[in-house]
Amino acid sequence: MTPPRSNDTSTDPGARREFSAGGVVVRGEDVVVIVPVKRDISGQRVLGLPKGHPDGSETAEAAALREVREETGVEGELKGKLGDVRYWYQRGGRRVFKMVTFFLMEYRSGDLADHDDEVEEAYWMPLEQAARSLTYAGEREMVVRALSQTAPDR
């Protein structure tokens, strides 16, 4: 993905805009991470967080819960908004401005083996490792925020 040039889409009024919602699902000191089937622009595997577009009039919170369930096989309980990740990328020769809202979630139930076919692999990873290992900086920042909110000594 192209690093953001600006958080303001007014500099490119012809740009498309997209919105997604996702979750940082925590269980103790671990977080659910996914390897989507879709690769990055260079063909490399991506290590990321579950996220996706809302369906119809679905709220961001509902979309995040659904996407977590579909992409990881687990159910989470919303604990609050972590923040937004904004970036630009190219699709079909057009610039696209994307914003993803991430929510902190606490694991409630489910099995990671029940993920959908958009995901190659879903697994638990220590939060501190995920904060260093996720492919994209914005998602690493969301894990850092989750770590600061879930740390016992905060």
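Our subject is the structure listed above.
The model shown is predicted, which means the values in this text are computed figures rather than measured ones.

A. Representation of the overall build of the chain within the structure. Each helix and strand counted, the chain has three helices and six strands in total. Helices and strands appear in the chain in the N-to-C order β-β-β-α-β-β-β-α-α. Each of the 154 residues in the chain was classed as buried or not, and the buried ones make up 43%. If you take every contact in the chain between residues at least 6 apart in sequence, the share linking residues at least 24 apart comes to 71%. As presented, the chain carries roughly 8,200 Å² of accessible surface, and 47% of it is formed by carbon and sulfur atoms.

B. Molecular detail of the pattern of salt bridges. Following the criterion strictly, the structure yields 18 salt bridges and no others. The salt bridge involving glutamate 67 is made with arginine 66; its shortest N-O contact spans 2.9 Å. Pair check on accessibility: glutamate 67 and arginine 66 agree, each one buried. Between lysine 81 and aspartate 84 there is a salt bridge; the shortest N-O distance is 3.4 Å.

C. Looking closely at the environment of valine 85. By secondary structure assignment, the location of valine 85 is in strand β4 (residues 74-91). Residue valine 85 is classed as buried on the basis of its relative accessible area of 12%. Separated by 15 residues in the primary sequence, valine 85 and valine 100 place their C-alpha atoms 5.2 Å from one another.

Conventions used here
Residues numbered from 1 in each chain as written. Predicted model: local features only at pLDDT ≥ 70, side-chain atom pairs only at ≥ 80, totals over all residues. Heavy atoms only, no water. Helix = DSSP H or I, 4+ residues; strand = E, 2+ residues; numbered from the N terminus. Buried < 20%, exposed > 50% of the residue type's maximum accessible area, 1.4 Å probe, protein only. Contact = heavy atoms within 4.5 Å. Areas by Shrake-Rupley, 256 points an atom, 1.4 Å probe, with all protein chains shown as cover. Salt bridge = Lys/Arg side-chain N within 4 Å of Asp/Glu carboxyl O.

Read these as spatial facts, not as claims about activity.
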